[in-house]
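Next come the chains, spelled out residue by residue.
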Amino acid sequence: MGFKKLLAYQRGFDLAMDIFHVTKGFPKSEQFVLTSQMVRSSRAVCSAIAEAYRKRQYEKHFKSKLSDADSENSETQLWLDFALA
C-alpha cells in the first residue's frame with residue numbers, strides 16, 4: 001500500500017484542492033498573504049503525511065512527520081478562520 005491509499009492523505013489532498021479552487025475567488029489584496037498561506041499550509045499536510053509514510057520504519061522520524069502534518073493542519077484551520085471572518 002502506498003501513502004495515496006491512506007484516508008488522511010486523501011482527505012487532506014481533497015481539502016487542499018478545494019482551498020486552491022476557492023481561493024482563486026479571493027480579493028487580489030489577499031493574494032499574497034491569506035491565499036498563499038492557506039494553499040501552502042494545506043498542501044504541507046499532504047506532504048508531511050507522504051514523508052511520514054516513507055519514514056514509517058523509523059519511529060521517531062515517523063512521529064515527527066505526523067506531528068508536522070498535525071501542525072500544518074492547525075495552521076490551515078487558522079487561515080480558514082481568518083478567511084471566514
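Please read all numbers here as calculations on a predicted model, not as lab measurements.

Reading the values: the criteria
Residues numbered from 1 in each chain as written. Predicted model: local features only at pLDDT ≥ 70, side-chain atom pairs only at ≥ 80, totals over all residues. Heavy atoms only, no water. Salt bridge = Lys/Arg side-chain N within 4 Å of Asp/Glu carboxyl O. Helix = DSSP H or I, 4+ residues; strand = E, 2+ residues; numbered from the N terminus. Buried < 20%, exposed > 50% of the residue type's maximum accessible area, 1.4 Å probe, protein only. Core = buried A, V, L, I, M, F, W, Y, C linked by side-chain atoms within 4.5 Å. Contact = heavy atoms within 4.5 Å. Axes fitted to C-alpha atoms, helices over the stretch in contact; angles between N-to-C directions. Parallel < 35°, antiparallel > 145°, perpendicular 65-115°, else oblique. Left-handed = near helix turned anticlockwise from the far one by under 90°. Nonpolar A, V, L, I, M, F, W, Y, C, P; charged D, E, K, R; others polar.

Colleague: If you had to explain the pattern of salt bridges to someone new, which residues and values would you point to?
Modeller: If you walk through the whole model with that rule in mind, you get five salt bridges. Of the charged contacts, one joins Glu51 and Lys65 as a salt bridge, the two residues approaching to 2.8 Å between their closest N and O atoms. Of this pair, Glu51 sits in helix α2 (residues 31-54) while Lys65 sits in helix α3 (residues 59-84), placing them 14 residues apart in sequence. Taking the relative accessible area as the measure of exposure, Glu51 reaches 34% and is therefore partly exposed. By relative accessible area, which is 22% here, Lys65 ends up partly exposed. Two residues, Asp68 and Lys65, come together in a salt bridge whose shortest N-O distance is 3.9 Å.

Colleague: Give me the nonpolar core: which residues, what numbers.
Modeller: By size, the foremost hydrophobic cluster in this structure holds nine residues: Phe3, Tyr9, Val45, Cys46, Ala48, Ile49, Ala50, Tyr53 and Ala69. The leading source of residues in this core is α2, at six residues. Dropping the residues within four chain positions of it, Phe3 is found in contact with Tyr9, Ala50, Tyr53 and Arg54. One finds Ile19, Phe26, Met38 and Trp79 within the second-largest nonpolar core, a separate group that totals six residues.

Colleague: An account of the packing of helix α1 (residues 7-23) against α2 is requested, with residue identities and associated values reported.
Modeller: Viewed as axis vectors pointing N to C, α1 and α2 meet at an angle of 165 degrees, and their least axial separation amounts to 9 Å. The angle between α1 and α2 falls in the class roughly antiparallel. As α1 packs across α2, the resulting crossing turns out to be left-handed. Counted together, Ala8, Tyr9, Gly12, Phe13, Ala16, Ile19, Phe20 and Thr23 of α1 and Thr35, Met38, Val39, Ser42, Arg43, Cys46 and Ile49 of α2 form the full contact between these two elements.

Colleague: Break down the packing of α2 against α3 for me, citing the residues and quoting the values.
Modeller: Put simply, α2 and α3 touch, their axes get as near as 8 Å, and they point 160 degrees apart. In terms of orientation, α2 and α3 fall into the roughly antiparallel class. Seen along the crossing, α2 lies across α3 with a hand that is left-handed. Residue classes in the contact of α2 with α3 are distributed as 14 nonpolar, five polar and six charged.

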